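The chain contents come next:
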Amino acid sequence: MTLTTRLMAGAATAALTLGAALPAAAAEKWDMPMAYSASNFHSENGVTFAECVGAGTNGEITIEVHPGGSLFAGADIKRAIQTGQVQIGERLLSGHQNESAVFGFDSVPFLAPSFDDSEKLYDAAKPKIEALLDEQNLELLYAVPWPPQGLYFKKEVNSVADMEGVKFRSYNNTTSRLAELTGMLPVTVEAAEISQAFATGVAESMVSSGATGYDRKVWESLTHFYEVDAWLPRNYVMVNQDVWADVSDANKQAIMTCAAEAEARGLQASKDYTQFTMDGLAEGGMTVQPAGDALMGELREIGATMTSEWLEAAGDEGKAIVDTFKAQ
Ligand code: PCA
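Keep in mind it's a predicted model, so treat the numbers as computed, not measured.

## Structural notes on the site of the ligand
So, point 1. Surrounding the ligand, one finds Y36, L92, W146, Q149, R169, Y171, A191, S208, S209, T212 and P233.
So, point 2. Between the ligand and S209 there is a distance of 2.6 Å, counted from an oxygen atom to a side-chain nitrogen or oxygen.
So, point 3. The separation between a nitrogen atom of the ligand and a polar side-chain atom of T212 is 2.7 Å.
So, point 4. If the ligand stood free it would expose 260 Å²; the protein chains cover 100% of that surface.
So, point 5. In the shell around the ligand, the residues fall into 6 nonpolar, 4 polar and 1 charged.

Okay, structure coming up:
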């Protein structure tokens, strides 16, 4: 063999090896941070979504889910996706009302307090939310509501006066504002940290779903859950747009199919867990009941104040969402 033929044979072998290696080289792994515990229904849904994407893209895209805020804490997940530190992730969008008040559309008290209303409100808001996310280099894949929000305390509460001075765990601007207007003291704590916050007395109440109280076993520290059905905030699964742009059309299609399935499955799980987790709180020893009429009346007045404040902050875009929702 001359040097040239030997080199050419070598090149052919390299080409063959490369050819064989190509599908593997094209395979991508995406990291997907999620803020809530692995046992939470949003996280379980995310794992099923990830499996669906692996199967639907024939292994060309695999997603590793990191629940419980283990990769990024809830408040940092959105930025991590925007900046490409991770490819995909899940975030409670109402936690970013300081970027745009419109993100808080799903946390306006008593605007859409049932699953049906919450879906209609989401339909009305979705184009605007997608446009806002687009400006932030984010592609929305799916969104799932939490069950209706109620109030947790470590004492019986029959009126707003009973809340005076109570340390209140908040998770977004709306919940902090609710604390202020009820004379409570807000402290922002991620869901992943609340068991400890309640155990150490950093917080002694919160507004949240039965699902979160159940996940975090809050009966170890708290005693009362009052059903208020104040709002149903949403978690959003979003992908970085630069990453998304490089996905083949076939794989985009496969991922969107998995996302649509995840959205439907997550909604159903949220509905199913509403009663299941409230029963779980009661089994844990908590008193679980609808808030009394007097308390509800006061909360509705506070809700009206918060609604006008949100409409003011969210401007024409917020008003358009509410008008579209109400016209349905
Ligand atoms: N659980 C989340 C947000 C709303 C809910 O039900 C939390 O408490 O952080």
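Resuming the write-up.
## Regarding the sheet that holds strand β10 (residues 234-240)
So, point 1. Judged by pairing direction, the sheet is antiparallel, and its 3 strands sit side by side in the order β3-β10-β4 without closing on themselves. Among the strands making up the open sheet, the edge pair consists of β3 (88-92) and β4 (138-145). Going across the sheet, the axis of each strand differs from the next one's by a mean of 25 degrees, ignoring polarity.
So, point 2. Alignment of β3 against β10, held across 5 bridges, turns out to be antiparallel. Bridging across to β10, R91 finds its partner in Y236.

## Quick notes on helix α2 (residues 41-56)
So, point 1. The end-to-end C-alpha separation of α2 is 22 Å, in line with the 22 Å expected for 16 residues at 1.5 Å each.
So, point 2. Listed in full, the buried residues belonging to α2 are F41, H42, S43, N45, G46, F49, A50, V53 and G54.
So, point 3. The N-cap of α2, judged by a side-chain oxygen 2.8 Å from the amide nitrogen of H42 a few residues on, is N40.

## Let's talk about the packing of aromatic side chains
Ring pairs (aromatic) are described by centroid distance and by the angle formed between their planes.
So, point 1. As enumerated under the stated definition, the model contains 10 aromatic pairs in all.
So, point 2. Consider the rings of Y214 and W219, whose centres lie 6.1 Å apart with planes at 55 degrees: the pair is tilted.
So, point 3. Residue classification places Y214 among the partly exposed residues on the basis of a relative accessible area of 28%.
So, point 4. In this structure W219 comes out as partly exposed when scored by relative accessible area, which is 25%.
So, point 5. In this structure an aromatic cluster arises from ring pairing among Y36, F41, W146, Y214, W219, Y273 and F276.
So, point 6. In this structure, R300 packs its charged tip against the face of F110, placed 4.6 Å from the ring centre.

## Here we look at the sheet that holds strand β7 (residues 185-188)
So, point 1. Ordered by their spatial adjacency, 6 strands build an open sheet running β7-β6-β8-β5-β9-β11, and the pairing between neighbours is mixed. On the outer flanks of this sheet lie β7 and β11 (287-290), each paired with one strand and no other. Taking the axes of each pair of neighbouring strands and ignoring which way they run, one obtains an average angle of 25 degrees across the sheet.
So, point 2. Pairing geometry for strand β6 (residues 167-170) and β7, over 4 bridges, is parallel. Opposite F168, over in β7, you have P186 as the bridge partner.
So, point 3. Its contacts with the sheet place helix α5 (residues 173-181) against β5 (150-153), β6, β7 and β8 (205-208), and it is angled at close to 160 degrees to β6.

## With respect to the layout of surface pockets
So, point 1. The volume enclosed by the largest pocket comes to roughly 210 Å³.
So, point 2. Lining the largest pocket are 16 residues; nearest its centre among them are R91, G95, Y171, N172 and T188.
So, point 3. Where the lining of the largest pocket is concerned, the elements lending two or more residues are β3 and α5.

## What about helix α9 (residues 249-283)?
So, point 1. With 35 residues, α9 should cover 51 Å at 1.5 Å per step; its first-to-last C-alpha distance of 49 Å lies within 8% of that length.
So, point 2. When the local axis directions of α9 are compared, the greatest deviation, roughly 35 degrees, occurs at Y273.
So, point 3. Of the residues one or two after α9, G285 is the one with positive phi, at around 110 degrees.

## Side note on unusual backbone geometry
So, point 1. Residues other than glycine seldom take positive phi values, yet N58 does so here, at roughly 50 degrees.
So, point 2. Note that N58 resides in the loop between α2 and β2 (61-66).
So, point 3. Backbone geometry at F110 places phi at a positive 65 degrees, although glycine is not the residue there.
So, point 4. Structurally, the position occupied by F110 is in the loop between β3 and α4 (115-135).

## Topic: the pairing of β5
So, point 1. Bridge count between β5 and β8: 3 bridges; the pairing is antiparallel. The partner of L151 across the bridge, within β8, is V207.
So, point 2. Pairing of β5 with strand β9 (residues 224-227), which is carried by 3 bridges, proceeds in the antiparallel orientation. Residue L151 lies in a different strand from β9, and its bridge partner there is Y226.

## Here's the deal with the environment of E180
So, point 1. Within the secondary structure layout, E180 lies in helix α5.
So, point 2. By relative accessible area, which is 46% here, E180 ends up partly exposed.
So, point 3. In the structure, E180 is positioned 16 residues away from E164 in sequence and 9.7 Å away in space, judged by C-alpha atoms.

Calculation rules
Residues numbered from 1 in each chain as written. Predicted model: local features only at pLDDT ≥ 70, side-chain atom pairs only at ≥ 80, totals over all residues. Heavy atoms only, no water. Near = heavy atom within 4 Å. Polar contact = N/O pair within 3.5 Å; in protein donor to acceptor, adjacent residues only side chain to side chain. Areas by Shrake-Rupley, 256 points an atom, 1.4 Å probe, with all protein chains shown as cover. Nonpolar A, V, L, I, M, F, W, Y, C, P; charged D, E, K, R; others polar. Pairing = 2+ DSSP bridges. Helix = DSSP H or I, 4+ residues; strand = E, 2+ residues; numbered from the N terminus. Axes fitted to C-alpha atoms, helices over the stretch in contact; angles between N-to-C directions. Expected span 1.5 Å × (residues − 1). Buried < 20%, exposed > 50% of the residue type's maximum accessible area, 1.4 Å probe, protein only. Phe/Tyr/Trp six-rings, centres within 6.5 Å; stacked < 30°, edge-to-face > 60°. Lys NZ or Arg CZ within 6 Å of the ring centre and 35° of its normal. Contact = heavy atoms within 4.5 Å. 1 Å grid on protein atoms, 1.4 Å probe; cavity = no way out; pocket = protein on both sides within 12 Å on 5 of 7 lines; lining within 4 Å. Points joined across faces, edges and corners; volume = space filled by probe spheres on them. Bend = angle between axes of the 7 residues up to and from the residue.

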